[in-house]
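Single-letter residue listing:
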Amino acid sequence: MDRIRITGGNELHGIIPISGAKNAALPLMIASLLTDDTLTLENVPHLADVEQLIRILGNHGADISVNGRRERQGESYARTIHFTCRNIVDTTAPYELVSKMRASFWVIGPLLAREGRARVSLPGGCAIGTRPVDLFIEGLAALGANIEIDSGYINATAPTGGLIGARYVFPKVSVGATHVMMMAATLANGTTTIGNAAREPEVVDLANCLNAMGAKVTGAGTSTITIEGVTSLSGARHRVLPDRIETGTYAMAVAMTGGDVILEGTDASLLDTALEAIRRAGAEITPTETGIRVYRNGGGIKPVDVVTDPFPGFPTDLQAQFMGLMTRSSGVSHITETIFENRFMHVQELARLGARITLSGQTAKIEGVPRLKGAPVMATDLRASVSLVIAGLVAEGDTTVSRVYHLDRGFERLEEKLTRCGAIVERVTD
Ligand SMILES: CC(=O)N[C@H]1[C@@H](OP(=O)(O)OP(=O)(O)OC[C@H]2O[C@@H](n3ccc(=O)[nH]c3=O)[C@H](O)[C@@H]2O)O[C@H](CO)[C@@H](O)[C@@H]1O
Ligand SMILES: C=C(OP(=O)(O)O)C(=O)O
């Protein structure tokens, strides 16, 4: 199994191209099931999750080609992928395919809206909490769907004339349930209003794409989204927005090592709260014509407290990385995780490198240490694994991160991007 070996100690200098966002690409790809026409997505990152979703969509009948070639005939950055699902040939999303990735469950929305039925296995994904699906069930039921759980599957059926627009207020903010309600409501009869909707940029990206396909979605990016149902959707061409989590991750890596890096092709407004926390930690961050410049020279890393929250708050998907950064701060910081109840598995792995972290409920207390020392560590989930890479970049000697398949779910060509900026990072295959 592959491992990543990092030899710590080098500053980062240069340019890091930021990929299209995994968490936008996945729902956008799923939206292709809503139309019999071709949805073309540009700037799609080459990631294990994208490849897995390609398999899942293929199982439902989607014909998929990459940059005009069939999938797997060529690899490149920022791929353009064409999705055409003339007919849905199977409304079941089986356990074998869905259990590997949380977002694959979201096919339930388009399948139900277009075909009137869906049988979808309960999802998998990062083991960062219980991650129930009650909000999806309640939301789709509000649109008139009949939903039963049977042998690990959700069986959903729409009323005879199709889903019916309704007003539904989520009791809790959920990114995935907002994506699904929004997609399902595009083809419902009448108007749907979603209250307490997720405001993440990826929700806005999906709404923009749905509108380009002929949907009538307004309010995305606010807590109230309104969707006027239409009878059918057409194809469209849409560019996946830049990955704000990848952006924040590399910004934290530069804040950690020191140096001067341009994060190219990204947009600071996607992650204001996280960038502000990195600034307070001592890095200079300025928008440039092509992205963001992150710079830290000389000064140390200051302790900063953060609390994760739904957008526009500090993202839970950057919590582990920020903890990595705080391990080397000059004082004591506190990080509180409010989204997932079990998203601290990186704590014990960071401790192997010499970090001093204590947990009390949902808050981690990090006492900064003057040095970390390389060690073998294990990736436990996607963002946890990259926090170990960030720590490894400054640890003395070699850090070897095992189970890198977690990393490959969400970071495109991580070794290449870091190595080009002067880090010593290599993939080791046994
Ligand atoms: C592929 C993707 O985009 N994944 C992101 C998405 O995950 P995902 O969409 O799964 O996360 P949610 O926003 O749904 O989860 C937020 C909270 O709501 C809870 N919940 C969710 C649904 C439900 O039916 N019932 C319920 O209780 C979850 O357990 C969690 O505690 O948003 C998360 C929160 O920003 C990010 O960490 C993930 O990277
Ligand atoms: C938690 C994540 O992904 P997923 O929701 O697919 O598990 C993530 O992207 O950090």
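Only a predicted model underlies this, so the values are computations on that prediction, with no experimental measurement involved.

**Let's talk about the side chain of T336**
Following the sequence through the fold, T336 ends up in strand β20 (residues 332-336). Within the structure, the side chain of T336 is placed 2.9 Å from the side chain of T363, a separation counted as a polar contact. In contact with T336, not counting residues within four places along its chain, are V306, V307, T308, Q362 and T363.

**Looking at the site of ligand 1**
By nearness alone, 19 residues border ligand 1, and D134, S174, V175, D317 and I339 come closest of all. D317 is positioned such that a nitrogen or oxygen atom in its side chain is 2.5 Å from an oxygen atom of ligand 1. Protein contacts shield 91% of the accessible area of ligand 1, which totals 740 Å² for the unbound molecule. For the shell around ligand 1, the elements supplying multiple residues, two or more each, are α5 (134-142) and α6 (175-186). Counting residues per element, the shell around ligand 1 draws most heavily on α5, at 3 residues. In terms of residue class, the shell around ligand 1 is made up of 9 nonpolar, 4 polar and 6 charged. When residues of the shell around ligand 1 are assigned to domains, at least three map to each of domain 1 (3-18 + 242-428) and domain 2 (22-228).

**Re the confidence of the model for the protein chain**
Scored by pLDDT, the protein chain has a mean of 95; 97% of the residues are at 70 or more. The low-confidence segment residues 70-75 (pLDDT under 50) makes 13 contacts with residues lying over four places distant or belonging to another chain. Of the two predicted TM-score estimates for the complex, the pTM is 0.97 and the ipTM is 0.99.

**So, the sheet that holds strand β9 (residues 146-150)**
Read from one edge of the open sheet, 4 strands run β7-β8-β10-β9, paired in mixed fashion. Looking at which strands have only one partner, the edges of the open sheet turn out to be β7 (92-93) and β9. When strand β8 (residues 117-121) meets strand β10 (residues 153-157), the two strands line up antiparallel, connected through 5 bridges. Pairing of V120 across the sheet is with I154, part of β10.

**With respect to the domain arrangement of the protein chain**
For the protein chain, the assigned domains read domain 1 (3-18 + 242-428) and domain 2 (22-228). Using C-alpha coordinates to define each centre, domain 1 is positioned 30 Å away from domain 2. Facing 24 residues of domain 1, the contacting portion of domain 2 comprises 21 residues. Taken over both partners, the interface formed by domain 1 and domain 2 buries close to 2,100 Å², and the fraction arising from carbon and sulfur atoms is 51%.

**A closer look at the UniProt feature "binding site: UDP-N-acetyl-alpha-D-glucosamine" (unreviewed entry) in the protein chain**
Per the UniProt record, the feature "binding site: UDP-N-acetyl-alpha-D-glucosamine" (unreviewed entry) sits at R102, R131, P132, V133, D134, L135, K172, V173, S174, V175, D317 and I339. Of note, D134 is situated in helix α5. Position of V173 among the secondary structure elements: in the loop between β11 (167-169) and α6. Given a relative accessible area of 31%, V173 falls into the partly exposed group.

**Focus on helix α1 (residues 22-31)**
The buried count for α1 comes to 9 of 10 residues, which makes it a mostly enclosed element. Those residues of α1 lying buried are K22, A24, A25, L26, P27, L28, M29, I30 and A31.

**Here's the deal with the sheet that holds strand β21 (residues 356-360)**
Read across the open sheet, the 4 strands follow the order β19-β20-β22-β21; overall the sheet is mixed. The open sheet has two edge strands with one neighbour each: β19 (306-307) and β21. Pairing geometry for β21 and strand β22 (residues 363-367), over 5 bridges, is antiparallel. Its bridge partner being in β22, R356 is matched across the sheet by E367. This element, helix α10 (residues 319-326), spans β19, β20, β21 and β22 of the sheet and lies at about 170 degrees to β20.

**Digging into the pattern of salt bridges**
By the definition in use, this model includes 18 salt bridges. Here E51 and R79 are joined by a salt bridge, their closest N and O atoms 2.8 Å apart. Highlighted residues: E51 in helix α2 (residues 48-60) and R79 in strand β6 (residues 79-84), separated in sequence by 28 residues. Residue E51 is classed as buried on the basis of its relative accessible area, which comes to 8%. A salt bridge links R371 to E396; the shortest N-O distance between them is 2.7 Å. Here R371, found in the loop between β22 and β23 (376-378), pairs with E396, found in the loop between α12 (382-392) and β24 (398-402); they are 25 residues apart in sequence, far enough to count as distant. Under the relative-accessibility criterion, R371 is labelled partly exposed at 45%. Judged by its relative accessible area of 39%, E396 is partly exposed. Beyond isolated ion pairs, a larger network of salt bridges with shared partners links D2, D408, E415 and R427.

**Notes on the packing of aromatic side chains**
Summed over all chains, the structure comprises 3 aromatic pairs. Note on F105 and F136: the rings are 5.2 Å apart at their centroids and 85 degrees apart in plane angle, and the pair reads as edge-to-face. Here F105, found in the loop between α3 (95-98) and α4 (108-115), pairs with F136, found in helix α5; they are 31 residues apart in sequence, far enough to count as distant. Residue classification places F136 among the buried positions, given a relative accessible area of 4%. Between F314 and F322, the ring centres sit 5.5 Å apart and the planes meet at 65 degrees, which makes this aromatic pair edge-to-face. Among the residues examined, F314 registers a relative accessible area of 2% and is labelled buried. Positioned above the aromatic ring of Y153 is the side chain of R119, whose terminal nitrogen or guanidinium carbon lies 4.3 Å from the ring centre. Directly above the ring of Y295 sits R293, whose terminal nitrogen or CZ lies 4.8 Å from the centroid.

Rules of the game
Residues numbered from 1 in each chain as written. Chains lettered and ligands numbered in written order. Predicted model: local features only at pLDDT ≥ 70, side-chain atom pairs only at ≥ 80, totals over all residues. Heavy atoms only, no water. Helix = DSSP H or I, 4+ residues; strand = E, 2+ residues; numbered from the N terminus. Polar contact = N/O pair within 3.5 Å; in protein donor to acceptor, adjacent residues only side chain to side chain. Contact = heavy atoms within 4.5 Å. Near = heavy atom within 4 Å. Areas by Shrake-Rupley, 256 points an atom, 1.4 Å probe, with all protein chains shown as cover. Nonpolar A, V, L, I, M, F, W, Y, C, P; charged D, E, K, R; others polar. Domains from an automatic or database assignment. pLDDT = per-residue confidence, 0-100. Pairing = 2+ DSSP bridges. Buried area = accessible area lost by both parts, 1.4 Å probe. UniProt positions renumbered as here; feature names shortened; annotations may be inferred. Buried < 20%, exposed > 50% of the residue type's maximum accessible area, 1.4 Å probe, protein only. Axes fitted to C-alpha atoms, helices over the stretch in contact; angles between N-to-C directions. Salt bridge = Lys/Arg side-chain N within 4 Å of Asp/Glu carboxyl O. Phe/Tyr/Trp six-rings, centres within 6.5 Å; stacked < 30°, edge-to-face > 60°. Lys NZ or Arg CZ within 6 Å of the ring centre and 35° of its normal.

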